[in-house]
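Residue-level structure breakdown
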Amino acid sequence: MCYTLMKKVLTYGTFDLLHWGHINLLKRAKDLGDYLVVALSTDEFNAIKSKKAYHSYENRKLILESIRFVDEVIPENNWEQKVQDIKDHNIDIFVMGDDWKGKFDELKEYCEVIYLPRTVGISTTQIKQDLLLVNK
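This report concerns the structure included in the present document. Computed from a prediction, not measured in an experiment: that's the story for all the values here. (Residues numbered from 1 in each chain as written. Predicted model: local features only at pLDDT ≥ 70, side-chain atom pairs only at ≥ 80, totals over all residues. Heavy atoms only, no water.)

Looking at the layout of surface pockets
Rolling a probe over the atoms, with the probe sized like a water molecule, indicates the empty space that remains. What the largest pocket holds in volume is close to 690 Å³. In terms of lining residues, the largest pocket is bounded by 33 residues, among which His22, Lys51, Asp99, Trp100 and Arg118 are the most central. Every element with two or more residues in the lining of the largest pocket is listed here: strand S1 (8–13), helix H1 (20–31), strand S4 (93–97) and helix H5 (124–134). Here the element with the most residues in the lining of the largest pocket is H1; it accounts for 4 residues. Here the residues of the lining of the largest pocket sort into 11 nonpolar, 12 polar and 10 charged. (1 Å grid on protein atoms, 1.4 Å probe; cavity = no way out; pocket = protein on both sides within 12 Å on 5 of 7 lines; lining within 4 Å. Points joined across faces, edges and corners; volume = space filled by probe spheres on them. Helix = DSSP H or I, 4+ residues; strand = E, 2+ residues; numbered from the N terminus. Nonpolar A, V, L, I, M, F, W, Y, C, P; charged D, E, K, R; others polar.)

Considering the pairing of strand S2 (residues 35–41)
Where burial is concerned, most of S2 is hidden: 6 out of the 7 residues are buried. As judged from the 6 bridges shared by S1 and S2, these two strands associate in the parallel manner. When the bridges of S2 are listed, leucine 10 appears paired with valine 37. One ladder, built from 5 bridges, connects S2 with strand S3 (residues 72–76); its direction is parallel. Within S3, the residue paired with valine 38 across the bridge is valine 73. (Buried < 20%, exposed > 50% of the residue type's maximum accessible area, 1.4 Å probe, protein only. Pairing = 2+ DSSP bridges.)

Structural notes on the sheet that holds S2
Read across the open sheet, the 5 strands follow the order S3-S2-S1-S4-S5; overall the sheet is parallel. If you trace the sheet from one side to the other, it starts and ends with S3 and strand S5 (112–116), each paired once. The sheet shows a mean angle of 25 degrees between the axes of neighbouring strands, taken without regard to direction. Pairing between S1 and S4: 3 bridges, direction parallel. When the bridges of S4 are listed, leucine 10 appears paired with phenylalanine 94. Packing of H1 onto the sheet brings it into contact with S1, S2, S4 and S5, and relative to S2 it is tilted by some 140 degrees. Of the strands in this sheet, S2 and S3 touch helix H3 (residues 57–65), which is tilted by about 165 degrees from S2. (Axes fitted to C-alpha atoms, helices over the stretch in contact; angles between N-to-C directions. Contact = heavy atoms within 4.5 Å.)

Comments concerning H3
Within the span of H3, buried status applies to Tyr57, Arg60 and Leu64. Taken down its axis, H3 places every buried residue within 65 degrees of arc, on the same side. In H3, the exposed positions angled more than 90 degrees off the buried face are occupied by Glu58 and Leu62. Buried residues along H3 sit in contact with H1, S2, helix H2 (43–48) and S3. (Arc of directions from axis to C-beta.)

In structure tokens, the structure reads:
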């Protein structure tokens, strides 16, 4: 009997005001393996990071779970949980956008770490700025 091991990928984010850059990241992350786990920043953790999401954690989770590339969504409650998440979910590859390049290299002890290029021309910050201009 032949068994193939499932390759599991993990990424983190707030995923607020979902756009094609997010979808592109999720698709490329999923393409690296068989099963994609997304750790989604909770509202409480966003407050600690001084980050305000438009959508609640529950709504962002619902949106992510409806995307075909995402297999599982777990809460991101703090900066320190990454090693435990990798162990608990048997993660093979940790993926983040290249704006985080080098920030998670210590995780290479536990799994492969890949920084994917950001999608050019789109960001949540840019969307928020554009919306402010529209409302003036």
